[in-house]
Amino acid sequence: STRSASCWTGSTLMALLSPKQQSIWHEIAAAPARWNVMAGAVSSGKTYLGYFLKAKRMLRLPPGNCLLVGKTYRSYCRNVLDPMRELWGPELIEQPKGDGTVRLFGRRCYVMGANDERSVQKIQGISLVYCDGDEFATWPESFFQMLKSRLRQPGATCDLTCNPEGPRHWAKMFIDSEAARYWHFTLDDNPFNTAEFDESIRQEYTGLWYRRHILGEWVAAEGAVYDMFSMERH
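The structure contained in this document is the topic of the report that follows. Every chain is numbered independently, its residues counted from 1 as its sequence is written. The predicted origin of the model limits local features to residues at a pLDDT of at least 70 and limits the giving and counting of side-chain atom pairs to 80 or more, whereas totals for whole chains, interfaces and linings rest on all residues. Only hydrogens and water are removed before side-chain values are computed, so all heavy atoms of the structure are retained for them.

1. A short note on the overall build of the protein chain
No. 1: Secondary structure follows DSSP: runs of H or I at least 4 residues long count as helices, runs of E at least 2 residues long count as strands, and numbering of each begins at the N terminus. If you tally the helices and strands in the protein chain, you get nine helices and seven strands.
No. 2: Exposure is judged per residue with a 1.4 Å probe applied to protein chains only, and the accessible area is read against the type maximum: over 50% gives exposed, under 20% gives buried, and values in between give partly exposed. Buried residues in the protein chain amount to 49% of all 234 residues.
No. 3: The contact criterion used throughout is that any non-hydrogen atoms of two residues lie within 4.5 Å. Pairs at least 24 apart in sequence give 74% of the contacts found in the protein chain among residues at least 6 apart.
No. 4: Accessible surface area values rest on a Shrake-Rupley calculation with a 1.4 Å probe, where residue burial reflects the displayed protein chains alone. Split by element, the accessible area of the protein chain, about 11,400 Å² in all, is 51% carbon and sulfur.

The following block contains the structure:
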């Protein structure tokens, strides 16, 4: 049953994951890193793999504060907590409380949004052993810079997911600095999508949007005049 706390181990989990997700799972297990970034195409399996990574983190990390961050509080609950609750049920993934906390597998976590510069104040002074970041490329850079100093408890680690932005975006600069372990996703990395969906979404995006949302590339949108231009077609 997927409602079992043990469903993220062994052959049962491998049956739920794509080859790309399986490879990442084994890499993270073999050599834990401080920063783990999964970025790329829409509907490519980044967030889904994160559901199982968080289960692993909650059960294996040393004691300490855990932080869950999205563009907004509501978007994190919608994108991450609600689907996780469908996997394991409300006993293991509880409903968030009014004080901005939630229990995952019995472990209390803080949940918050990082949608403007004032968000920095929310994490000043806290020491963290874990952070999970959804849509992290949409955060203010100041929040991310403060987060670096908050992950200071022994064994601290952070898992981040996002869709690509421009090639000079601060998130891409961080990835290129080699401070993080980075995995790039394309739409083809998710074999669980239906053929009809794949065909439809490929037709709906062109030019730079095709490169971002289908190929998962960090390409510039600002100043684009012919956004349908393709090096291959033209």
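2. Some remarks on the side chain of Asn 190
No. 1: Within the secondary structure, Asn 190 is located in the loop between β7 (181-185) and α8 (195-204).
No. 2: Whenever a nitrogen or oxygen atom comes within 3.5 Å of another N or O atom, the pair is scored as a polar contact, on the condition that within protein one atom can donate a hydrogen and the other can accept it, and that pairs from neighbouring residues in sequence are kept only if both atoms are in side chains. Among the polar contacts made by the side chain of Asn 190, one reaches the main-chain carbonyl oxygen of Ser 43 at a distance of 3.1 Å.

3. Description of the sheet that holds strand β4 (residues 107-113)
No. 1: In short, DSSP must find at least two bridges between two strands for them to pair. Reading across the sheet, the seven strands line up as β3-β4-β2-β5-β6-β1-β7 and stay open at both edges, with mixed pairing between neighbours. Edge positions in the sheet fall to β3 (101-104) and β7, since each has one partner strand and no second. Shown here is a sheet whose adjacent strand axes are inclined to one another by a mean of 20°, direction ignored.
No. 2: Across five bridges, the pairing between strand β1 (residues 35-40) and strand β6 (residues 157-162) is parallel. Note on β6: the bridge partner recorded for Met 38 is Thr 161.
No. 3: Docked against the sheet, helix α2 (residues 19-30) engages β1 and β7, running at close to 175° with respect to β7. Note on geometry: axes are lines fitted to C-alpha atoms, helical ones only across the stretch in contact, with angles between N-to-C directions running from 0 to 180 degrees.

4. Some details on the packing of aromatic side chains
Centre distance and the angle of the planes are the two values used to describe a pair of aromatic rings.
No. 1: Pairs were defined over the aromatic rings of Phe, Tyr and Trp, the Trp ring being its six-membered one, requiring ring centres within 6.5 Å. Orientation was assigned from the angle between planes: stacked under 30 degrees, edge-to-face over 60, tilted for the rest. Scanning all chains against the criterion turns up 12 aromatic pairs.
No. 2: Here the aromatic rings of Trp 139 and Phe 143 are separated by 5.3 Å at their centres, their planes lie at 80°, and the arrangement is edge-to-face.
No. 3: Since its relative accessible area comes to 2%, Trp 139 is described here as buried.
No. 4: Look at Phe 144 and Phe 174: their rings are 4.8 Å apart centre to centre, the planes differ by 75°, and that puts the pair in the edge-to-face class. Of this pair, Phe 144 sits in helix α6 (residues 141-150) while Phe 174 is found in helix α7 (residues 170-176), placing the two residues 30 residues apart along the sequence.
No. 5: Through successive ring pairs, a cluster of aromatic residues spans Trp 35, Phe 136, Trp 139, Phe 143, Phe 144, Trp 170 and Phe 174.
No. 6: In this scheme, Lys NZ or Arg CZ marks a charge over a ring once it lies within 6 Å of the ring centre and within 35 degrees of the ring normal. For the cation-ring pair, Lys 20 lies above Phe 185, with the distance from its terminal atom to the ring centre recorded as 4.7 Å.

5. Points about the pairing of strand β2 (residues 65-70)
No. 1: For β2, the buried fraction is high: five of the six residues fall into the buried class.
No. 2: Looking at chain direction, β2 and strand β5 (residues 128-133) are connected through five bridges and run parallel. Note on β5: the bridge partner recorded for Leu 68 is Asp 132.
No. 3: Alignment of β2 against β4, held across four bridges, turns out to be parallel.

6. Description of the packing of helix α3 (residues 46-60) against helix α4 (residues 73-88)
No. 1: Direction vectors running N to C along α3 and α4 enclose 65°, while the axes themselves pass 10 Å from each other. Considering the relative orientation of α3 and α4, their crossing is right-handed. Listed contacts from α4 to Thr 47, Tyr 51, Phe 52, Lys 54 and Ala 55 of α3 are Tyr 76, Asn 79, Val 80, Pro 83, Met 84, Leu 87 and Trp 88. Whether a crossing is left-handed or right-handed is set by the direction in which the near helix is turned from the far one by less than a right angle, anticlockwise for left-handed and clockwise for right-handed.

7. Observations concerning the environment of Glu 141
No. 1: By secondary structure assignment, the location of Glu 141 is in helix α6.
No. 2: With relative accessibility at 38%, the residue Glu 141 sits in the partly exposed group.
No. 3: Placed 21 residues apart in sequence, Glu 141 and Val 120 show a C-alpha to C-alpha distance of 9.5 Å.

8. Focus on the pairing of β1
No. 1: The element β1 is extensively covered by neighbouring structure, given that six of its six residues are classed as buried.
No. 2: Side-chain alternation along β1 places Trp 35, Val 37 and Ala 39 on one buried face and Asn 36, Met 38 and Gly 40 on a second face that is also buried.
No. 3: For β1 and β7, the ladder comprises five bridges, and the chain directions are parallel. The residue bridging Val 37 from the neighbouring strand is Tyr 182, located in β7.

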